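Here is how the chains run, residue by residue.
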Amino acid sequence: MSILGNRVLRLEDPRLLTAGGEYAADLTDLRLAGAVRATYVRSTVAHAEILGIDVDEARAAPGVVDVVTGADVDLPAMPGMSAAEMTRHYLAVDRVRFVGEPVAVVLTERPEQGADAAELVVVDYEPLPAVVDAVDALAGDAVLFPAVGTNLVGEFGHGPAEGAGPEACEVVVRQRIVNQRLAPCPLEVRSSAAAWVDGRLVMWCSTQSAHGLREALVAAYGLGEDDVLAIAPDVGGGFGAKASGSPEDVLLPWLARRVGRPVRWLETRSESMVGLVHGRAQVQDVTIGGRPDGTIEAYDLAIIQDGGAYPAVGVLLPHLTRMMAAGTYAIPEVTSRARAVVTNSTPIAAYRGAGRPEATAMVERAVDLLAARLRLDPAELRRR
């Protein structure tokens, strides 16, 4: 059913159930003649300075076409959703900020050669204090971006006026609720391929938004929209995590231009669990107040949003949480505020409702807590 209530016929089912789908990893070598395979070398530590990267042994490994580090990539850093200093490079430069962050990429003739060669890349790390808890991040004992001087990305909203809100009610319940971080885990991991054809960029990608991918490629490479063809084949799940191209996807055209051949990439499940953006990750302090008869009079929430190592869509999720704060309830006074922080963890982005299920979970827990305090049937309190 659509949001308008009318029936929507699925046209793809007969093909998927009989002939099967065609995914980015299914592209034949005939369509990508001479393509090399990309294998990313990922950080094994949460927070560290990069003192050096030795790729000599990897370059000499069988089937290796090239090995690239962040120092080689001349693309501009990816813009963040906050201070200009909180930007991300396609491959880490000088510092890594989460386990799984790409620090180098190996290009090989066959995928198994990439897995072997990647193990030969030696990264010299100087470990730094790490912060993986959003509440601890506010203390600033370990700062991810020294030039900014704080882990706070932004704050918005407001609490109740003095003498008002839940605290002024006859019955008050307070609770800290954690809407935990989770990994989307689509059945199809990320997969993409890039080729330059007569000066035009053609890219196949397991993405939920071909237009979003094209916009990312246009911005990264300074191309016109007509010079980029973004193709989204069948996609085996996304849930928001594949809303557009990831850094690993967007770097492929640069690699293809460097070696003069198409480049393909297919991540492993282990990579996907730490490299693909995560979801949720909110700490919610709720206060709900009302009368002994179960009438809810006021509701206040304070959110700490974990944005992960680099502020992206995740730091904006509390805006959507605040929009749905009251849920389905006729609460006369609702106030909300949020703070978003960075931590040494996988970046947060949209997942299955993007900030709004967090609001629903929060208000329903709050209503249950109030019902328990008043010794009322939770269903009866909701009816009232």
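It should be noted that the structure appears before, not after, this text.
Residues numbered from 1 in each chain as written. Predicted model: local features only at pLDDT ≥ 70, side-chain atom pairs only at ≥ 80, totals over all residues. Heavy atoms only, no water.

Student: Whenever I open this one, the overall build of the protein chain confuses me. Can you help?
Tutor: A tally of helices and strands in the protein chain yields 10 helices and 15 strands. Dimensions of the protein chain, computed from C-alpha atoms along their principal axes, come out at roughly 75 × 55 × 35 Å. Buried residues in the protein chain amount to 49% of all 384 residues. Once local pairs closer than 6 in sequence are excluded, the contacts in the protein chain between residues at least 24 apart make up 80%. With the model as given, the accessible surface of the protein chain reaches about 17800 Å², and the carbon-plus-sulfur share is 53%. (Helix = DSSP H or I, 4+ residues; strand = E, 2+ residues; numbered from the N terminus. Buried < 20%, exposed > 50% of the residue type's maximum accessible area, 1.4 Å probe, protein only. Contact = heavy atoms within 4.5 Å. Areas by Shrake-Rupley, 256 points an atom, 1.4 Å probe, with all protein chains shown as cover.)

Student: Even after reading the chapter, I still don't get the sheet that holds strand β10 (residues 200–205), so can you show me in this structure?
Tutor: Sheets are built from strands that pair by backbone hydrogen bonding, the pairs being arranged parallel or antiparallel. What the 7 strands build is an open sheet, ordered β3-β5-β1-β12-β9-β10-β11; its pairing is mixed. Each of the sheet's edge strands pairs with one partner strand only, and the pair in question is β3 (64–69) and β11 (228–231). The average undirected angle you get between the axes of adjacent strands in this sheet is 20°. Examined bridge by bridge, strand β1 (residues 36–42) and strand β5 (residues 102–108) share 6 bridges and lie antiparallel to one another. (Pairing = 2+ DSSP bridges. Axes fitted to C-alpha atoms, helices over the stretch in contact; angles between N-to-C directions.)

Student: What is the right way to look at the side chain of N179 in this model?
Tutor: Structurally, N179 is set in strand β8 (residues 171–182). Overall, N179 belongs to the buried group, its relative accessible area being 13%. Look past the residues within four positions of N179 in its chain and what remains in contact with it is R280, A281, Q282, Q284, E358 and A361.

Student: Explain the nonpolar core to me, please; I cannot follow it from the model alone.
Tutor: Here is a general trend for soluble globular proteins: nonpolar side chains tend to be buried in one another's company. In terms of nonpolar packing, the biggest core is built from 30 residues, with L251, L252 and L255 touching the most fellow members. Contacts of L251, omitting those with residues within four sequence positions, involve Y40, V73, L75, Y90, L91 and Y221. Core analysis: the second largest hydrophobic core is formed by 22 residues, V171, I288, I303 and V367 among them. (Core = buried A, V, L, I, M, F, W, Y, C linked by side-chain atoms within 4.5 Å.)

Student: What exactly am I supposed to notice about the pattern of salt bridges here?
Tutor: Pairing is possible between side chains of opposite charge, provided their charged atoms come close. Tallied over the entire structure, the rule returns 26 salt bridges. Among the salt bridges present, the one from E364 reaches R382, with a minimum N-O distance of 2.7 Å. Pair noted here: E364 is in helix α9 (residues 356–374) and R382 is in helix α10 (residues 378–383), with a separation of 18 residues, a long-range link. Look at E364 and you get partly exposed, because its relative accessible area is 24%. A cluster of three or more residues bridged by salt bridges with shared partners is formed by R42, R190, E248, E267 and E271. (Salt bridge = Lys/Arg side-chain N within 4 Å of Asp/Glu carboxyl O.)

Student: Looking at this structure, I do not really get unusual backbone geometry. What am I missing?
Tutor: Backbone phi values are negative for most residues with the exception of glycine, while trans is the configuration of most peptide bonds. Of note, the phi angle at R280 is positive, near 65°, even though the residue is not glycine. As for its position among the elements, R280 is in strand β13 (residues 279–290). In this structure, A354 takes a positive phi of about 50° despite not being glycine. You can see A354 is positioned in the loop between β15 (333–341) and α9.

Student: I keep staring at the packing of helix α5 (residues 210–221) against helix α6 (residues 247–259) and nothing clicks. Help me out?
Tutor: Packed helices, taken two at a time, are described by their axes: the angle between them and the distance between them. At a minimum axis distance of 9 Å, the contact between α5 and α6 shows a crossing angle of 50°. On the basis of their axis angle, the class for α5 and α6 is oblique. Here α5 runs over α6; the crossing is right-handed. Each of A216, L217, A220 and Y221 in α5 lies in contact with α6, whose residues at this interface are V250, L251, L252, P253, W254 and R257. When the residues that make up the contact of α5 with α6 are grouped by side-chain class, the tally is 9 nonpolar, no polar and 1 charged. (Parallel < 35°, antiparallel > 145°, perpendicular 65-115°, else oblique. Left-handed = near helix turned anticlockwise from the far one by under 90°. Nonpolar A, V, L, I, M, F, W, Y, C, P; charged D, E, K, R; others polar.)

Keep in mind that these numbers describe shape and distance, not what the molecule does.
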